[in-house]
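Residue-level structure breakdown
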Amino acid sequence: MTARGWLVGMIVAAAAAVCGVGNAGAEVRLAKGQTLYVPVYSHVYTGDRALPFNLAATLGFRNIDPASPITVTRVDYHDSNGRLVKRFLAGPLTIPPQGSTSFYLKERDTSGGFGAHFIVAWESAREINEPIVESVMIGARSGQGISFVSPAREIRPQAK
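Let us look at the structure shown here. If you're wondering where the values come from, they're calculated on a predicted model, not measured in any experiment.

What follows is about the pattern of salt bridges. Between side chains of opposite charge, pairing is possible as soon as their charged atoms come close. This structure, assessed with the given rule, holds six salt bridges. A salt bridge links Arg 87 to Asp 76; the shortest N-O distance between them is 2.8 Å. Highlighted residues: Arg 87 in strand 6 (residues 84-87) and Asp 76 in strand 5 (residues 70-78), separated in sequence by eleven residues. Take Arg 87: its relative accessible area is 54%, and that puts it in the exposed class. Within the structure, one salt-bridge network assembled from shared partners comprises Arg 29, Glu 130 and Glu 154.

Before going further, it helps to examine the environment of Gly 99. Counting through the fold element by element, Gly 99 comes out in the loop between strand 7 (93-95) and strand 8 (100-105). Under the relative-accessibility criterion, Gly 99 is labelled buried at 13%. Separated by 35 residues in sequence, Gly 99 and Ile 64 have C-alpha atoms that sit 7.4 Å apart. Beyond its immediate stretch of four places on either side in the chain, Gly 99 contacts Phe 61, Arg 62 and Asn 63.

How each quantity is defined
- What you see as residue numbers is a count from 1 along each chain, following the sequence as written.
- Per-residue local features are limited, in this predicted model, to residues with pLDDT of at least 70; the limit for side-chain atom pairs, both in listing and counting, is 80 or more; totals at the level of whole chains, interfaces and linings are taken over all residues.
- With hydrogens and water set aside, each side-chain value is computed from the structure's full complement of heavy atoms.
- Only one rule defines a salt bridge in this text: a Lys or Arg side-chain nitrogen within 4 Å of an Asp or Glu carboxyl oxygen.
- Strands are runs of DSSP state E lasting at least two residues, helices are runs of H or I lasting at least four, and both sets are numbered from the N terminus onward.
- A 1.4 Å probe rolled over the protein chains alone gives each residue an accessible area, and that area as a share of the maximum for its type sets the label: buried under 20%, exposed over 50%, partly exposed in between.
- We call two residues in contact whenever any of their non-hydrogen atoms come within 4.5 Å of each other.

The following block contains the structure:
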């Protein structure tokens, strides 16, 4: 298989995972808020010498509820040691029903290291469909490219 064929296969697999192909029977989850951990890879290692391959990263936040807005209260970027690197919000951010927003980290930004992550918190006035929150990493160099998606994981539900 060629490198191009491998890359196309990876992109198709990632798209299928993001679009929920094969998850037709997935349960709809409702919540009034959550705190989420979202892995981010500023780079991956490649080759026998473990050379770093830098990646740009985008944190995507999608409000999939058809009727209610979501208020994002925290988007913090942490490094491999858990230390805060950057706060992305100065105050709450409201995302309308079926709206989305994103936060971008440049390919040359390696301040987070291999174990970087976002901590994201959101809330709503009533129980709504849980949003889709994920990081998308992509990089290209010398005709070689890589991209993948890393989903959020709930670390704390909002108190009811």
